[in-house]
Amino acid sequence: MEGGIRFVLSNFTLTFLFIGLAASGIALLRAEKPLTAPVVVEALFSWFLLFSIGVSFFYNFVMHTFFGEMAARFIGWQDSPFQLEVGFASLGFSVVGFLAFRRSFDFRLAAVVGPALFLLGAAGGHIYQMISAGNFAPGNAGIIFYTDILIPALGFLLLWLQHRFQHPQPAQ
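Asks: Describe the side chain of N60, listing the residues and the values that go with them.
Replies: One can find N60 in helix α3 (residues 37-66). Judged by its relative accessible area of 11%, N60 falls in the buried class. Of the polar contacts made by the side chain of N60, one reaches the side chain of S90; its length is 2.7 Å. Those residues in contact with N60 that sit more than four places away from it in its chain are F12, V86 and S90.

If you want it as structure tokens, here you go:
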């Protein structure tokens, strides 16, 4: 049981991705039938933004800000003031993720692009650390590394799908 809890908490990006998928599934079960592509995309995208951006980055904020030494050890780093900076950057992304939950395409674009650049940059940093320092700590080379690539890819896919299937907006 302890191992399972440790896995869920230390691989929070994957955990919140699955929670978002489960919430999407529940929303789709409750939606009017037949399901249309825009309804499916909206369910997937809104819950992705809430959990994989909003909640996940809030969790990252808490860990790097209040438990910085533990977070640094998990990544294979020494603790430094950089922990606080990562924490507050994560808080900003979290707030944008929460705000974009049920908002417009443009708002969602901002909620995906900023965190995506941060995560892809982090993935590049992980690769550099694996090669140059042999850092294969779980927080550097484990599931976190893969979700640093997967989360932006899913975000951009969902943006594309929303753009493709969204209903035309009336002229104002």
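Asks: Requested: an account of helix α8 (residues 143-165), with residues and values cited.
Replies: Taking 1.5 Å per residue, 23 residues should reach 33 Å; α8 reaches 31 Å between its end C-alpha atoms and fits that length. I144, F145, T147, D148, I151, P152, G155, L158, L159, L161 and Q162 are the residues of α8 that are buried. Taken together, the buried residues of α8 touch α1 (2-10), α2 (12-30), α3, α4 (68-75), α6 (105-133) and α7 (138-141).

Asks: Now, about the packing of helix α5 (residues 82-100) against α6: what can you tell me, with residues and values included?
Replies: Where α5 contacts α6, the two axes come as close as 8 Å, and the packing angle between them is 155°. Relative to α6, the element α5 is oriented roughly antiparallel. Both α5 and α6 take part in a crossing whose hand is left-handed. Two secondary-structure elements touch here, α5 through V86, F93, V96, G97, L99 and A100 and α6 through F107, R108, A110, A111, G114, P115 and F118.

Rules of the game
- Residues numbered from 1 in each chain as written.
- Predicted model: local features only at pLDDT ≥ 70, side-chain atom pairs only at ≥ 80, totals over all residues.
- Heavy atoms only, no water.
- Helix = DSSP H or I, 4+ residues; strand = E, 2+ residues; numbered from the N terminus.
- Buried < 20%, exposed > 50% of the residue type's maximum accessible area, 1.4 Å probe, protein only.
- Polar contact = N/O pair within 3.5 Å; in protein donor to acceptor, adjacent residues only side chain to side chain.
- Contact = heavy atoms within 4.5 Å.
- Expected span 1.5 Å × (residues − 1).
- Axes fitted to C-alpha atoms, helices over the stretch in contact; angles between N-to-C directions.
- Parallel < 35°, antiparallel > 145°, perpendicular 65-115°, else oblique.
- Left-handed = near helix turned anticlockwise from the far one by under 90°.

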